[in-house]
Amino acid sequence: MGAHYLHRLFAPESVAVVGATTREDAVGHIIFDNMIKAGFKGELYGINPKYDELMGKPCFPSIEAIGRPVDVVVIVTPSKSVPGLIRECGENGIPGAVVISAGFREVGAPGIRLEEEMMDAARRYGIRIIGPNCLGTMRPSVGLNATFSQNAALPGNLALIAQSGALCTSVLDWALSEKVGFSSMVSMGGSADVDFGEVLDYLAVDPETKSILLYIEGIRNARRFMSGLRVAARMKPVIVVKAGRYAEGSRAAVSHTGSLVGSDDVFDAALKRAGVVRVLTIGELFEAAHILSAESGVKGNRLAVVTNAGGPGVMAADAAVEAGVNIPDLDDKTMKKLDKVLPAAWSHGNPVDILGDAPPERYRDAVLAIQKSDEIDAVLTMLTPQAMTRPTEAAKQVVDAAKKANKPTITCWMGEGQVHEARQIFSDNRVPYFSTPEASVRAFSYLANYHRNQKLLMQAPRPLSKWSKADVDGARLVIEGALADGRRILSTAESKALLAAFHIPTMPSIEVGSANEALVAAQSLGFPVAMKINSPDITHKSDVGGVKLSINNGRAVRTMFNEMVGSVQESHPDANIKGVTIEKMLRKPNGRELMVGVLRDEVFGPTISFGAGGTAVEILKDRAVGLPPLNEFIARNMIKRTKVAKLLETFRNMPAVDVASIENILLRVSAMVCELPHIQELDINPLIADETGAVAVDARVVVEHYVPTSNRYDHMAIHPYPSHLVSEFQLSDGRNIVIRPIRPEDAELVIEFDKTLSPQTKYFRFMQATHELTPELLTRFTQIDYFREMAFIATTELNGNEAEIAVGRYVTNPDGKSCEFALVVGDEWRRLGIGSRIMMALMEVAKSRGLQVMEGEILSENKQMISLARKLGFIVRPQDDDASCQLAARIL
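Scope of this entry: the structure provided in the associated data block. For clarity, every value in this text was computed on a predicted model and none was experimentally measured. Residue positions are given per chain, counting from 1 as you read along its sequence in written order. With the structure being a predicted model, the display of local features is reserved for residues of pLDDT at least 70 and the display and counting of side-chain atom pairs for 80 or more, all residues being used for whole-chain, interface and lining totals. By convention in this description, side-chain values take in all heavy atoms of the structure and omit both hydrogens and water.

### Some details on the overall build of the protein chain
Counting from the N terminus, the helices are the DSSP runs of H or I reaching at least four residues and the strands are the DSSP runs of E reaching at least two. Looking only at helices and strands, the protein chain has 28 helices and 36 strands in total. Here the C-alpha radius of gyration of the protein chain, 32 Å, is about what a compact globule of 892 residues would show, namely 29 Å. Projected onto the principal axes, the alpha-carbon positions of the protein chain cover approximately 100 × 80 × 70 Å. Relative to its 892 residues, the protein chain shows a buried fraction of 56%. Taking the contacts inside the protein chain whose residues are at least 6 apart along the sequence as the reference set, 71% of them involve residues at least 24 apart. Here, Shrake-Rupley sampling with a 1.4 Å probe gives the accessible areas, and only protein chains in the shown set may cover a residue. Accessible surface, the protein chain as shown: approximately 38100 Å² in total, 49% of it carbon and sulfur. Throughout, radius of gyration means the C-alpha value; the globule benchmark is 2.2 Å times the number of residues raised to the power 0.38. Any residue under 20% of the maximum accessible area for its type is buried, any over 50% is exposed, and the rest in between are partly exposed; the area is computed with a 1.4 Å probe on protein chains only. Note on contacts: a residue pair qualifies if any of its non-hydrogen atoms lie within 4.5 Å across the two residues.

Have a look at this one:
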């Protein structure tokens, strides 16, 4: 595997600065001076016709005049000059540029035209651009400081990506005082070309980067952002802070969901699904990075607190409540252990107060006793300097206990002068430490959230549920019929028909236009019935007196029809009143009112919400938001995150609700939004659930015209598992072979398959004599983004278990038009047509995604693969610069 295609942009060996100057207040001077002061390890050139030499470095009148290879050009000249400079870069074979200059999209129409000219030139020559209107980039390990910041980053293993240059300078200033170092710093600016997704993809495989920090103001391309974010989060911790959480924005919504779910709810759901941690402030950003870099595994959010003073313990407990951290009671076994090692006056609870006279050994004994409990996931140990306290010795004992445990130990030695040496001991031994109880508890919450979100990241749901198949075509016809009539809001009957097509239980209902029709409908359904106004112009029926329940006889039905229609017409004279809907009253005395909603977010596409239902949903504001596709794990997680989840358990005299039936409905709604991109909003409110199941009592759906694309899931931020690509065939000897897209849970299959490969096959696969299947590589192989890459594995049954026998994959190249393939077939499974089938499946998918060319590198020694490539229509020729390797390419 070669270097990432952005490597030369972020770690160049030669840089030219266009606009470098001797004027000390000029941006060009500051950047050139920063490069020299940082000790750039490559070649540095100035571009300015006024000078032959600048600060001891060669200076040229133009890019062309350099006459030697340049990796990156940094441009600080006025915006009007930039398109021409990009063309000059292309004519001289320069692959990357950092455009510091402002005056593009952010200034309106003239700037937009300039940006389009710049990008036209960049695309023509294949140049990648950071910016425009950015602070620049840093890579301390190679002495790169191509910014106009007054501060230089220290070397380290944190990467910072930010849209705000001012934020970057603030973070750098803070980091210097805290001695925090960076592997890279990237100011994105206008992101006209290289965006968050691509930078994340690069940092995911960057060996110098251990954690990634993101500052985000907005996202342009949700699919690419989620793709890069999920790739990076699978490899290393990613922490995000987003500006504009409380931005006042209005959405023209005609559903409860539209009023409830804001853009920040959706963004938060996207981050959870991507397996990252979200924080709210810059200080919290580094707190999270500090604890996550300690690589401490945690299984839950149950925290035990050990302290030598009651006050800090109470403060920690308060902070835990705010952070959603559980401070559980200690189990009997642990209590007995603590009784043996602590004085009789200890607190006998959690927090564990070991008293102000605690010697260092008492800390160790308490931590060891608690660490062995199955009811605790981590221990926070706190110390306040008191007359009898020995902070340094206590720190050594806690470190000793932490090394013997398989759970995180977090420390909080409060104070400054007396605990300075102790904190250094924690730092040297990679034991996370914080200065306040609140920061310590917050840090643990990040750790717990990270590992919880990593479980969400591992999920690869299918678009349709594994149960009865939905009538997608029938549902689509219902929508198209409404749109053909010029209606965006489906009627109650149409909405319920949509739900029924996806096997969501609904209450029978009949739409009627007169009092007599209402009477007949009620008699047909059986009393008691409910009556609801039927109008596409009225969103919340209850608010206008448009809902009447428990109508018990025919006379009341006719009377109520006339009263309801007349009243609503009087209060809303412009509304189109079509009549009413008669529904059978649902008899569920133990029922809880819930709501399931769908909202089409402008950035992230369809989102699904779950929470308390009824007429007061906007007041209760109880909801959990998730991005589809969902599976059982994600649906269950959404339910647990709501306040109404407690009401689903046994409550007073009511038995527990059948939660599985709610999960089932969430999965079917997920399938609906996967397969029906027309849906803009959907309310199932109320959804009544009890011990026997859940039923959709009322529904409202808003749709919009949708133009199909080559990818049926283009409308979604997360691509579902492509189950429609699974195929099966039989070998001539009767053995069954399945070819299917790879899944995250295939990691064990991949490991076992790699063990079966001969040294020569491994050499052909990795193009080097030995290659260890590292955890990072395994993650990269099995947890793929089905949107921009595809991997098919061939499996068969061996000794009663599924076994991998071959794998092929392609990854889309940066140009978005071509892809690179790789294939390996187990030694014992060659010449059976398996490799050909995998390659044909890959080519078919790549072509359907709009890719035009498939290419790959094959070692010249690998005669079988070269022969297969030619049979499949690939043109195979020696590489120009490497005779040991052949280049295979085919037009799709």
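Text resumes after the structure shown.
### Focus on empty space enclosed by the protein
Both site types are read off a 1 Å grid over the protein atoms alone. A 1.4 Å probe that fits but cannot get out defines a cavity, while an open set with protein on both sides within 12 Å along at least five of seven lines defines a pocket; lining residues have an atom within 4 Å of a point. Grid points are joined across faces, edges and corners, and a volume is the space filled by probe spheres set on the points. As enumerated under the stated definition, the model contains 5 cavities of 30 Å³ or more in all. As a volume, the largest cavity reaches approximately 160 Å³. Under the grouping applied here, Gly and all other residues not named as nonpolar or charged are polar, the nonpolar ones being Ala, Val, Leu, Ile, Met, Phe, Trp, Tyr, Cys and Pro and the charged ones Asp, Glu, Lys and Arg. Taken together, the residues that form the lining of the largest cavity break down as 11 nonpolar, 5 polar and 4 charged. Considering only enclosed or pocket space, the second largest cavity measures out at about 130 Å³ in volume. In terms of lining residues, the second largest cavity is bounded by 14 residues, among which L490, S491, T492, N534 and S535 are the most central. Of all the elements in the fold, those that place two or more residues in the lining of the second largest cavity are β20 (529–534) and β28 (699–703). Tallied by class, residues from the lining of the second largest cavity come to 6 nonpolar, 4 polar and 4 charged.

### A short note on the packing of helix α16 (residues 437–457) against helix α22 (residues 632–640)
Working note: a packed helix pair is described by the angle between its axes plus the distance between those axes. Contact geometry of α16 with α22 gives a least axis separation of 9 Å together with a crossing angle of 140 degrees. Of the possible angle classes, the one that applies to α16 and α22 is oblique. Residue-level inspection shows R452, K455 and L456 of α16 in contact with α22, the latter providing F633, I634 and N637. Considering only residue class, the contact of α16 with α22 consists of 3 nonpolar, 1 polar and 2 charged. Lines fitted to C-alpha atoms define the axes, with helix axes restricted to the stretch in contact, and inter-axis angles between N-to-C directions lie between 0 and 180 degrees. Roughly parallel covers angles under 35 degrees, roughly antiparallel covers those over 145, roughly perpendicular covers 65 to 115, and oblique covers all other angles.

### Quick notes on the packing of helix α7 (residues 222–235) against α16
It is at 11 Å that the axes of α7 and α16 come closest, and there the two elements cross at 120 degrees. With respect to α16, the element α7 is oriented oblique. Note that α7 runs across α16; the crossing there is left-handed. Across the interface between the two elements, R230, A233 and R234 of α7 pack against Y450, Q454 and L457 of α16. Among the residues making up the contact of α7 with α16, the classes are represented as 3 nonpolar, 1 polar and 2 charged. Put simply, a crossing is left-handed when the front helix is turned counterclockwise from the back one by less than a right angle, and right-handed when it is turned clockwise.

### Examining the side chain of R788
By the element assignment, R788 lies in the loop between α26 (775–782) and β31 (789–798). With near-sequence residues (within four places) excluded, R788 lies in contact with D201, S227, V231, Y810, V811 and T812.

### Things to note about the sheet that holds strand β18 (residues 409–413)
Hydrogen bonds between backbone atoms are what pair the strands of a sheet, whose relative direction is either parallel or antiparallel. Being paired, for any two strands, means DSSP has found at least two bridges between them. Strands sit in the order β16-β15-β17-β18 across an open sheet of 4 strands; the sheet is parallel. Strands at the two margins of the open sheet, each flanked by one partner only, are β16 (352–353) and β18. One ladder, built from 2 bridges, connects strand β15 (residues 303–307) with β16; its direction is parallel. Note on β16: the bridge partner recorded for T307 is D353. Docked against the sheet, helix α11 (residues 310–323) engages β15, β16 and β17 (378–383), running at close to 140 degrees with respect to β17.

### Side note on the packing of aromatic side chains
Here a Phe, Tyr or Trp ring, Trp counted by its six-membered ring, pairs with any other such ring whose centre lies within 6.5 Å, and the pair is stacked when the planes are under 30 degrees apart, edge-to-face when over 60, and tilted otherwise. In this structure the tally under the stated criterion is 10 aromatic pairs. Plain terms: the ring middles of Y45 and F60 are 6.0 Å apart, the flat faces sit at 70 degrees to each other, and that makes the pair edge-to-face. Separated by 15 residues along the polypeptide, Y45 in strand β2 (residues 43–47) and F60 in strand β4 (residues 57–60) bring together distant segments of the chain. Residue class for Y45 comes out buried when judged on its relative accessible area of 2%. Seen from their ring centres, F196 and F225 are 6.2 Å apart, and the 80 degrees between their planes marks the pair as edge-to-face. Of the two residues, F196 sits in helix α6 (residues 196–204) while F225 sits in helix α7, which places them 29 residues apart along the sequence. No difference in accessibility class separates F196 from F225, as the two residues are buried. Aromatic ring contacts, followed pair by pair, group F196, F225, F267 and F604 into a single cluster. Over a ring means this: the NZ of a Lys or the CZ of an Arg is within 6 Å of the ring centre and within 35 degrees of the ring normal. Lying across the ring of F267, K242 places its NZ or CZ 5.3 Å from the centre. Note that R837 overlies the ring of F729, its terminal NZ or CZ placed 3.9 Å from the centroid.

### What to know about helix α2 (residues 27–37)
Taken across its 11 residues, α2 has 8 buried, putting it largely inside the fold. Those residues of α2 that are buried are in contact with β1 (14–18), β2, β3 (53–54), β4, β5 (72–75) and β9 (144–147). Within two residues after α2, G39 carries a phi angle of roughly 75 degrees, on the positive side.

### Comments concerning the pattern of salt bridges
Each reported salt bridge corresponds to a side-chain nitrogen of Lys or Arg within 4 Å of a carboxyl oxygen of Asp or Glu. For the structure shown, the criterion picks out 40 salt bridges. The residue E375 makes a salt bridge to R302 at a minimum N-O spacing of 3.8 Å. Highlighted residues: E375 in the loop between α13 (360–371) and β17 and R302 in the loop between α10 (282–292) and β15, separated in sequence by 73 residues. According to the relative accessible area criterion, E375 is partly exposed, its value standing at 38%. The partly exposed category is assigned to R302, whose relative accessible area is 25%. Note that R362 and D357 form a salt bridge whose closest N and O atoms lie 2.9 Å from each other. The exposure class assigned to R362 is buried, which follows from its relative accessible area of 12%. Here D357 falls in the partly exposed class, since its relative accessible area comes to 37%. Through salt bridges with shared partners, one network takes in K496, K532, K541, E583 and D698.

### Focus: the environment of L456
When you line up the elements, L456 lands in helix α16. Using a relative accessible area of 4% as the deciding quantity, one classes L456 as buried. Through-space distance from the C-alpha of L456 to that of D374 is 23 Å; in sequence the pair is 82 residues apart. For L456, the contacting residues outside a window of four places in its chain are K272, R273, F633, I634 and N637.

### Quick notes on the sheet that holds strand β11 (residues 181–187)
Strands sit in the order β9-β8-β11-β10-β12-β13-β14 across an open sheet of 7 strands; the sheet is mixed. Across the chains shown, the open sheet's two edge strands, defined by having one partner strand only, are β9 and β14 (277–279). Neighbouring strand axes in the sheet, compared pairwise and without regard to direction, differ in orientation by 25 degrees on average.

### Focus on the pairing of β18
Counting buried positions over the 5 residues of β18 gives 5, a clear majority of the element. Residues of β18 alternate between two faces, with T409, T411 and W413 on one and I410 and C412 on the opposite face, all of them buried. Classification remark: right-handed applies to a crossover when, strands pointing away from the viewer, the course from the first strand over the helix to the second runs clockwise. In this view, the connection linking β17 to its parallel neighbour β18 by way of helix α14 (residues 391–403) has right-handed handedness.

Function cannot be read off these values alone, since they describe shape.
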